[in-house]
Amino acid sequence: AADTAEAADTAEAAEQDGGPDEFDSKAEEEAALWAEDSPVGAGLTNIKLADHNFDPGGFAEGAKGAYEMIVDAFAAGNRDALRPLLSDQVFDNFVGAMDEREDQGHSLETKIVAISAAEIVEAELKGKVAEVTVKFVSEMVSVSRDEDGEMLPDQPVGTREVTDIWTFARDTRNRDPNWQLIETHGEN
């Protein structure tokens, strides 16, 4: 009787958590990422061997959060928020672009409407440094304004789809669980 009650409680908990189908589809997605014949899967496996706490699903969710924070901080010109999230080279590139924008008296307003995809497309362990590349597909609105607050000419109006491919890195020997953005580029 205790086993029956426990099974009923488990079934009820599964229904409240989105049901077993949701769990199965997530497990299938993760299994596809870890497939032995996949270069991404091999890279993820090597990273997991070096860092037992690494979880691709958790990483992808964290990468989405980092993407939003970085895009927002860049638009706001918030160097302090960007510094811990970016490698030195990427930070210098971002600061250069922000300095140029500010020197011209321009401002940038950006709002991410939605992130429709955050897909791990590459994963590699280089020595003890894990590198994971994520393809983000987002819907965003960006407006550049001049020193008078007027919208600069020749800008796309409204929401547009943006594809960014970003590479994050982390030294697996480091106790700090945070990753840094080390490379950015568009889809093309």
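All of these numbers come straight from a predicted model, not from anything done at the bench.

Draft legend 1. A look at the pairing of strand β1 (residues 107–126). Bridge count between β1 and strand β2 (residues 129–145): 17 bridges; the pairing is antiparallel. Counted as the bridge partner of Lys126 is Val129 from β2. Following β1, the chain reverses through two residues before pairing antiparallel with β2; Gly127 in that reversal takes a positive phi of roughly 65°.

Draft legend 2. Here's a closer look at helix α6 (residues 88–103). Here α6 contains 16 residues, and its C-alpha end-to-end distance of 22 Å stays within 8% of the 22 Å for a straight helix at 1.5 Å per residue. If you check which residues of α6 are buried, you get Val90, Phe91, Phe94, Val95, Met98 and Arg101. For α6, the buried positions fall inside an angular range of 130° around the axis, keeping them on one side. α6 presents Asp88, Gln89, Asp92, Glu100 and Asp103 as exposed residues on the side facing more than 90 degrees away from its buried surface. Along its buried surface, α6 packs onto α4 (56–76), α5 (79–82), β1 and β4 (180–186).

Draft legend 3. Expanded view of helix α3 (residues 39–50). If you check α3, its first and last C-alpha atoms are 17 Å apart, about what twelve residues at 1.5 Å a residue would give, namely 16 Å. Every buried residue of α3 is listed here: Val40, Gly41, Gly43, Leu44 and Ile47. Along the axis of α3, the buried positions cluster into a sector of 160°, meaning they face one direction only. More than 90 degrees from the buried face of α3, the exposed residues found are Pro39 and Leu49. Two to three positions downstream of the cap, the backbone nitrogen of Val40 sits 3.2 Å from a side-chain oxygen, assigning the N-cap of α3 to Ser38.

Draft legend 4. Broad picture of the nonpolar core. Membership of the largest hydrophobic core comes to 34 residues, with the highest contact counts inside it found for Phe59, Tyr67, Leu86, Val134 and Phe168. Counting residues per element, the ones that place at least two in this core are α3, α4, α6, β1, β2 and β3 (160–171). The dominant element in this core, judged by the number of residues it contributes, is α4, at seven residues.

Draft legend 5. Spatial organisation of the packing of aromatic side chains. Counted by the stated rule, this structure contains ten aromatic pairs. Ring geometry for Phe54 and Phe59: centres 6.0 Å apart, planes at 50°, overall tilted. Here Phe59 falls in the buried class, since its relative accessible area comes to 8%. Summarising the aromatic geometry, the rings of Phe136 and Trp166 are spaced 5.7 Å apart at their centres and angled 70° between planes, so their arrangement reads as edge-to-face. One end of the pair, Phe136, is in strand β2; the other, Trp166, is in strand β3, and 30 residues separate them in sequence. Per residue, the accessibility class of Phe136 equals that of Trp166, and both read buried. Ring pairing ties together the aromatic residues Phe54, Phe59, Tyr67, Phe136, Trp166, Phe168 and Trp179, which thus form one cluster. When the ring centre of Phe91 is taken as reference, the NZ or CZ atom of Arg83 above it lies at 4.3 Å. When the ring centre of Phe74 is taken as origin, the NZ or CZ atom of Arg101, which lies over that ring, is 4.9 Å away.

Draft legend 6. Examining the sheet that holds β1 more closely. On the basis of which strands lie adjacent, the open sheet formed by four strands has the order β1-β2-β3-β4 and antiparallel pairing. The open sheet has two edge strands, β1 and β4, and neither has a second partner. Taken pair by pair, the neighbouring strands of this sheet meet at an average axis angle of 25°, ignoring direction. Pairing geometry for β2 and β3, over twelve bridges, is antiparallel. For Met140, the partnering residue across the bridge sits in β3 and is Arg160. Running over the sheet, α4 touches β1, β2, β3 and β4 and is turned about 140° from β1.

Rules used in this analysis
- Residues numbered from 1 in each chain as written.
- Predicted model: local features only at pLDDT ≥ 70, side-chain atom pairs only at ≥ 80, totals over all residues.
- Heavy atoms only, no water.
- Pairing = 2+ DSSP bridges.
- Helix = DSSP H or I, 4+ residues; strand = E, 2+ residues; numbered from the N terminus.
- Expected span 1.5 Å × (residues − 1).
- Buried < 20%, exposed > 50% of the residue type's maximum accessible area, 1.4 Å probe, protein only.
- Arc of directions from axis to C-beta.
- Contact = heavy atoms within 4.5 Å.
- Polar contact = N/O pair within 3.5 Å; in protein donor to acceptor, adjacent residues only side chain to side chain.
- Core = buried A, V, L, I, M, F, W, Y, C linked by side-chain atoms within 4.5 Å.
- Phe/Tyr/Trp six-rings, centres within 6.5 Å; stacked < 30°, edge-to-face > 60°.
- Lys NZ or Arg CZ within 6 Å of the ring centre and 35° of its normal.
- Axes fitted to C-alpha atoms, helices over the stretch in contact; angles between N-to-C directions.

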